[in-house]
Amino acid sequence: MVTELNRNELSYPPPSGVIGAARKGLQGVNRYATAREIAELKSALSGYCGIAEEFIFVTSGVEILLGQLIQLFARKGGIVIIDPTFFIIARVAESLKTGLRKVRLMRPSLDLPMEPLIAEARDAALVVIDSPNNPTGRLLLDRESTRKICESTKGILLVDESYCEFAGFSVIDMVKNYSNLIVTRTMSKAFGLAGLKVGYMAAAEDVLRDLSSLEVALRPTTPSAYATVAALKDIEYMKNNAALVGKERERVSRAASAMGVEVYPSSTNFLLMRTSQTNAARKLKDLEVIVFDPSNQFSSQFIRVSIGTPDENNIFLSALEKVLAME
Amino acid sequence: MAKRIGLIVNPIAGMGGSVGLKGTDGKMYPKAVELGAEPVTAARAKAFLSHLKLKDKSAFSVAPGGMGEDIARDAGIKFTVVSSLSGRKTSADDTRRIGREMSNKVDLLVFVGGDGTARDVYDAVGLKIPVIGVPSGVKMFGAVFAVNAIAAAEIVDAFIEGNAAISEKEVMDINEEAYREGRLESKLYGYLMVPEVAGLVQSGKEATTYSESSHENQEAIARYIIEGMLADTLYLLGAGSTTTAIAEGLKVRKTLLGVDAIHNNRVVAENLNEKGILELLKHHNKVKIIISPIGGNGFIFGRGNQEFSPAVLKLIEKDDIIVVATRDKINRAASLRVDTNDARIDKKLKGFMRVVTHYNEEVVVEVV
């Protein structure tokens, strides 16, 4: 049996209340989601994020939102991203040809170099930073660095916080103070609703006005809206899962380190590792363990592995041990 | 159809290492033997063959005697022998002659040896067929080698399956005399086409590899650089295939392995050495250098590009150095590196630099 640990999903199913709500949403699925249903969804997100509804925009998945935002701001000027970053951010930005600057995380520390970032951000239309970062797992921004970038750029700072629940840290409340800050998030990670694809963002009204023409086109489906509202009523369930993932992440990290693998500290539900083997991801695949292959961002000795259930993690660890023992 | 794989083993490569000679080029081989050096390539070649999984899906052509035939027979693979040996001892001439013959008969040439062997193979096959090196020499600074024999077997398996990406990699010429004295002097010798295992293509969402070829990437870089070129400015184009793409875009000739000077879209000097560059700098006050990292490890100055000596770099502002590299190449180098033998110049260049990686696309990378 194949063990898939390549997409940073949650390995636990949602609680029955969430499944029931999605089913309820299915009953009216001959209709588009109504403005009232979207308003209820926004209201639930508002409560969860501690941000007024007026600041919130919901979409069918965070990837499409990131893509739309990058395309929208590319019309106004240059884009700055970090390297490496979530590959959809990189691929959309690379496809535009309107001016792209990447600021590479320093090696081997993987720190974000603030000075060149600020220099590049100054005249950019959009700066995109995923924090925690994918594929490194590292939390790149604190409140101070977020403030500094917002104050020094003429454009917009977009912070993708898809993994913030695992990090236990967010700058989303800062959208109240900075009219040029956008924070994007997802229900696909800690809430475990990847298959429903719900993403959302928080930003000041001016930014949201730019997106208003897309509001209807990007709306989530009715079952997704109902399920999300239900999931947001059960924050404890999400928190327990995030804690479980955190505990397993530290166990996997310790076990892999004990095998001589270099494991990077992570604030997410995945770990970046450097092994002694080339083509490490392919060798794990031969043993029916699928991990993400970041070999075009680092070398082929690197793997990014999602944290699964304790059983899945054990399967990964024993496959890793076998791969490391190869000549 | 079965893939045709060629194998050439340099039986004396690597013998200098254990006896501290740092190489067996030229006259050093008898000395290595005298010092009791043991052949090492046969073991590496055997390890390579034994780890190859898809032996049955390929047809082997091997060099005669100790240059491949003997090892292939021990390994129990089916093969045909290409050419014959000129004498009892093998030489660089044998490698070149057999390499040339194989270039018409095989889809991929595997050689076992070091940097010297890589240069002989380059002389023989150039860019005609893909080549991969199994490292067995003392010095392997070029990027044409797999990290070890097992990795080489993995790459050849991927090639046989059609899962390898092929890109041009540098063959380096290391000055062995200097290296024995503890100095690393290297220059670019040429390019070989080298296969490597392509990134795993996973489910749709996770497919992260570029669809564009490295040549298309180089053309996009060239378009961007040419659009930004200023009048009455002297551009010194360093070695490499990306800088050559810039010259092609300007419709001028470029020495692949040397430094050429361009002024108002015309070549004003070719294949410059340090002295030639210094002479040109006397007559131009607006000067920019366009270079690409050389040698696989992100080196921009010091290992390769040695025409840009400390004396030259002293006269050039850091902002007037334009670094170009394809996305793949820069993704593989953790940082840019300098090692010019002049601490003050190194210090001036360290910090951060932009690298042009595509049309209007640059990466800010740390220089260490």
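Throughout, residues of each chain are indexed from 1 in the direction in which the sequence is written. Numbering of ligands from 1 and lettering of chains from A proceed in the order in which they are written. Where totals are concerned, whole chains, interfaces and linings use all residues; where local detail is concerned, this predicted model gives features only for residues with pLDDT of at least 70, and gives and counts side-chain atom pairs only at 80 or more. The side-chain quantities take in all heavy atoms of the structure and omit both hydrogens and water.

K.L.:
So, the overall build of chain B: which residues are in play, and what are the values?
P.N.:
Assigned secondary structure in chain B consists of 14 helices and 16 strands. Evaluated residue by residue, chain B yields a buried proportion of 54% over its 368 residues. For chain B, restricting intrachain contacts to residue pairs at least 6 apart in sequence, the fraction spanning at least 24 positions comes to 65%. Per-residue and other accessible areas follow the Shrake-Rupley method at a 1.4 Å probe size, with only the shown protein chains counted as cover for residues. For chain B, the computed accessible surface area is about 15900 Å², with 48% contributed by carbon and sulfur atoms. Only DSSP runs of H or I covering at least 4 residues are called helices, and only runs of E covering at least 2 are called strands; the numbering of each starts at the N terminus. Summary of the burial criterion: residues with accessible area below 20% of their type's maximum are buried, those above 50% are exposed, and those between are partly exposed, where the area comes from a 1.4 Å probe applied to protein chains only. By definition in these notes, contact holds between two residues if any of their heavy atoms fall within 4.5 Å.

K.L.:
A description of the environment of B:His284 should follow, citing residues and the corresponding values.
P.N.:
Residue and element names in this part refer to chain B. Topologically, His 284 is positioned in the loop between helix 11 (274–283) and strand 11 (287–291). For His 284 and Asn 271, which are 13 residues apart along the polypeptide, the C-alpha to C-alpha distance reads 18 Å. Beyond its immediate stretch of four places on either side in the chain, His 284 contacts Leu 234 and His 263.

K.L.:
Can you explain helix 4 (residues 87–94) of chain A? Please cite residues and give values.
P.N.:
Helix 4 of chain A sits mainly inside the fold: 7 of its 8 residues count as buried. Three or more residues of helix 4 of chain A are buried, namely A:Phe87, A:Ile88, A:Ile89, A:Ala90, A:Val92, A:Ala93 and A:Glu94. Tucked into the core, helix 4 of chain A has its buried residues touching helix 3 (62–74), strand 3 (79–83), strand 4 (100–104) and strand 5 (126–130) of chain A together with helix 13 (327–332) and strand 16 (361–367) of chain B.

K.L.:
Hey, could you go over the domain arrangement of chain B for me, with residue numbers and the actual values?
P.N.:
All names here are of chain B. For chain B, the assigned domains read domain 1 (3–197) and domain 2 (214–367). Relative placement of domain 1 and domain 2: their C-alpha centres are 31 Å apart. Accessible-area loss on putting two parts together, using a 1.4 Å probe and summing over both, is the definition of buried area adopted here. With both sides pooled, the region where domain 1 packs onto domain 2 buries about 1100 Å², and carbon together with sulfur makes up 54% of that total. Note on definitions: salt bridges are taken to be side-chain nitrogens of Lys or Arg within 4 Å of carboxyl oxygens of Asp or Glu. Our count for the domain 1 to domain 2 interface comes out at 1 salt bridge. Residue Glu 170 pairs with Lys 329 through a salt bridge whose shortest N-O separation is 3.0 Å. Under this definition, polar contacts are N or O atom pairs within 3.5 Å; protein pairs additionally need one hydrogen-donor-capable and one acceptor-capable atom, and for neighbouring residues in sequence, both atoms have to be side-chain atoms. Our count for the domain 1 to domain 2 interface comes out at 2 residue pairs in polar contact (both at pLDDT 80 or more). Domain start and end points were adopted from an automatic or database domain assignment.

K.L.:
A description of the interface of chain B and chain A should follow, citing residues and the corresponding values.
P.N.:
Counting from both sides, the interface comprises 37 residues of chain B and, opposite them, 38 residues of chain A. Across the chain B/chain A interface, buried area totals approximately 3400 Å², and carbon plus sulfur atoms make up 45% of it. Counting across the chain B and chain A interface gives 4 salt bridges. Between B:Arg354 and A:Glu120 there is a salt bridge, and its shortest N-O distance comes to 2.6 Å. Along the contact surface separating chain B from chain A lie 16 residue pairs in polar contact (both at pLDDT 80 or more).

K.L.:
Summarise helix 7 (residues 149–161) of chain B; cite the residues concerned and give the values.
P.N.:
Residue and element names in this part refer to chain B. The span you would expect from a helix comes to 1.5 Å times its residue count less one. For helix 7, with 13 residues, the first-to-last C-alpha span of 18 Å sits near the 18 Å given by 1.5 Å per residue. For helix 7, a buried count of 12 out of 13 residues is recorded, marking the element as mostly surrounded by other parts of the structure. Considered for burial, the residues of helix 7 that qualify are Ala 149, Ile 150, Ala 151, Ala 152, Ala 153, Glu 154, Ile 155, Val 156, Asp 157, Ala 158, Phe 159 and Ile 160. Taking the backbone nitrogen of Ile 150 as reference, a side-chain oxygen 3.1 Å away marks Asn 148 as the first, capping residue of helix 7. Gly 162 sits one or two residues past helix 7 and shows a positive phi near 80°.

K.L.:
Could you give an account of the layout of surface pockets, naming the residues involved and the relevant values?
P.N.:
In this structure, the second largest pocket encloses a volume near 620 Å³. A pocket, in this scheme, is an open set of points on a 1 Å grid over the protein atoms alone with protein on both sides within 12 Å along at least 5 of 7 lines, while a cavity is a set where a 1.4 Å probe fits but cannot get out; residues line either one if an atom lies within 4 Å of a point. Every residue lining the second largest pocket is counted, 24 residues in all, and those nearest its centre are B:Asp319, B:Ile321, B:Ile322, B:Arg354 and B:Glu362. Of all elements in the fold, only helix 5 (114–121) of chain A together with helix 9 (214–227), strand 11, strand 13 (321–324), strand 15 (351–358) and strand 16 of chain B reach the threshold of two or more residues within the lining of the second largest pocket. Counted by class, the lining of the second largest pocket contains 15 nonpolar, 1 polar and 8 charged residues. Grid points are joined across faces, edges and corners, and a volume is the space filled by probe spheres set on the points. Residues were grouped as follows: Ala, Val, Leu, Ile, Met, Phe, Trp, Tyr, Cys and Pro as nonpolar; Asp, Glu, Lys and Arg as charged; and all remaining residues, including Gly, as polar.

K.L.:
With reference to specific residues and values, describe the packing of helix 3 (residues 41–51) of chain B against helix 7 of chain B.
P.N.:
All names here are of chain B. Here an angle of 0 to 180 degrees is reported between the N-to-C directions of two axes, which are lines fitted to C-alpha atoms, with helices fitted over the stretch in contact. As a packed pair, helix 3 and helix 7 sit with axes 8 Å apart at the nearest point and diverge in direction by 40°. When the axes of helix 3 and helix 7 are compared, the pair comes out oblique. Helix 3 and helix 7 meet at a crossing whose hand is right-handed. Contact with helix 3, carried on its side by Arg 44, Ala 47, Phe 48 and His 51, involves Ala 149, Ile 150, Ala 152, Ala 153, Val 156 and Asp 157 of helix 7 and no other residues of that element. Counted by class, the contact of helix 3 with helix 7 contains 7 nonpolar, 1 polar and 2 charged residues. For classification, angles of less than 35 degrees are called roughly parallel, those exceeding 145 degrees roughly antiparallel, those between 65 and 115 degrees roughly perpendicular, and all remaining angles oblique. Whether a crossing is left-handed or right-handed is set by the direction in which the near helix is turned from the far one by less than a right angle, anticlockwise for left-handed and clockwise for right-handed.

K.L.:
Hey, could you go over the nonpolar core for me, with residue numbers and the actual values?
P.N.:
We call a set of buried Ala, Val, Leu, Ile, Met, Phe, Trp, Tyr and Cys residues a nonpolar core when their side-chain atoms join them within 4.5 Å. Counting residues in each nonpolar core, the largest one holds 86 residues, and the members touching the most others are A:Leu117, A:Ile129, A:Leu181, A:Met187, A:Met273, A:Ile303 and A:Phe316. If you count residues domain by domain, this core takes at least three from each of domain 1 (3–11 + 236–325) and domain 2 (16–233) of chain A. Setting aside residues no more than four positions away along its own chain, A:Leu117 makes contact with A:Val80, A:Ile82, A:Val103, A:Leu112, A:Val127, A:Ile129 and A:Ile149. Residues B:Phe48, B:Phe60, B:Ala149 and B:Ile155 belong to the second largest nonpolar core, which totals 49 residues.

K.L.:
Help me get a handle on the domain arrangement of chain A, residues and values and all.
P.N.:
Residues and elements named next belong to chain A. Assigned domains within chain A: domain 1 (3–11 + 236–325) and domain 2 (16–233). Every contact between the two is made by 20 residues of domain 1 and, on the other side, 24 residues of domain 2. In this structure, the connection of domain 1 to domain 2 is made through 0 salt bridges. There are 7 residue pairs in polar contact (both at pLDDT 80 or more) connecting domain 1 and domain 2. Secondary-structure elements contributing two or more residues to the side of domain 1 that touches domain 2 are helix 11 (235–258) and strand 10 (270–274).

K.L.:
Quick one: what's the story with the packing of aromatic side chains, residue by residue and with numbers?
P.N.:
Between rings of Phe, Tyr and Trp, where Trp is taken as its six-membered ring, a pair exists when centres lie within 6.5 Å; planes separated by under 30 degrees are stacked, by over 60 edge-to-face, and by other angles tilted. Going through the model one piece at a time under the given rule, you end up with 10 aromatic pairs over all chains. Plain terms: the ring middles of A:Tyr163 and A:Phe270 are 5.1 Å apart, the flat faces sit at 80° to each other, and that makes the pair edge-to-face. Note that A:Tyr163 is positioned in the loop between strand 6 (156–160) and helix 7 (164–167) and A:Phe270 in strand 10, a separation of 107 residues in sequence. The pair formed by A:Tyr163 and A:Phe270 is uniform in burial state, with each residue classed as buried. Both rings, one in B:Tyr122 and one in B:Tyr189, keep their centres 5.7 Å apart while their planes meet at 75°; by these two values the pair is edge-to-face. Of the two residues, B:Tyr122 sits in helix 6 (residues 115–125) while B:Tyr189 sits in strand 7 (residues 186–197), which places them 67 residues apart along the sequence. Taking relative accessible area as the criterion, B:Tyr189 reaches 23% and is therefore assigned partly exposed. Every member of this aromatic cluster is reached through a ring pair, and the members are A:Phe86, A:Phe87 and A:Phe292.

K.L.:
So, the pattern of salt bridges: which residues are in play, and what are the values?
P.N.:
This structure, assessed with the given rule, holds 36 salt bridges over all chains. Here A:Glu94 ties to A:Arg91 by a salt bridge, and the two come within 3.2 Å at their closest N and O atoms. Of the two residues, A:Glu94 and A:Arg91 are both situated in helix 4; the distance of 3 residues between them amounts to about one turn of the helix. The exposure class assigned to A:Glu94 is buried, which follows from its relative accessible area of 5%. Residues B:Glu362 and A:Arg101 are paired through a salt bridge, measuring 3.4 Å at the closest nitrogen-oxygen approach.

K.L.:
Kindly report on unusual backbone geometry, identifying the contributing residues and their values.
P.N.:
The amide bond that connects A:Ser131 to the next residue, A:Pro132, takes the cis arrangement and shows omega of 0°. As for its placement among the helices and strands, A:Pro132 is situated in the loop between strand 5 and helix 6 (143–152). A:Pro135 follows A:Asn134 through a cis peptide bond whose omega is 20°. The phi dihedral of A:Asn8 is positive, around 55°, even though this residue is not glycine. The exposure class assigned to A:Asn8 is buried, which follows from its relative accessible area of 1%. Its identity as a non-glycine residue notwithstanding, B:Ser83 has a phi of 70°, on the positive side. With respect to the helices and strands, B:Ser83 occurs in the loop between strand 3 (79–81) and helix 5 (92–102).

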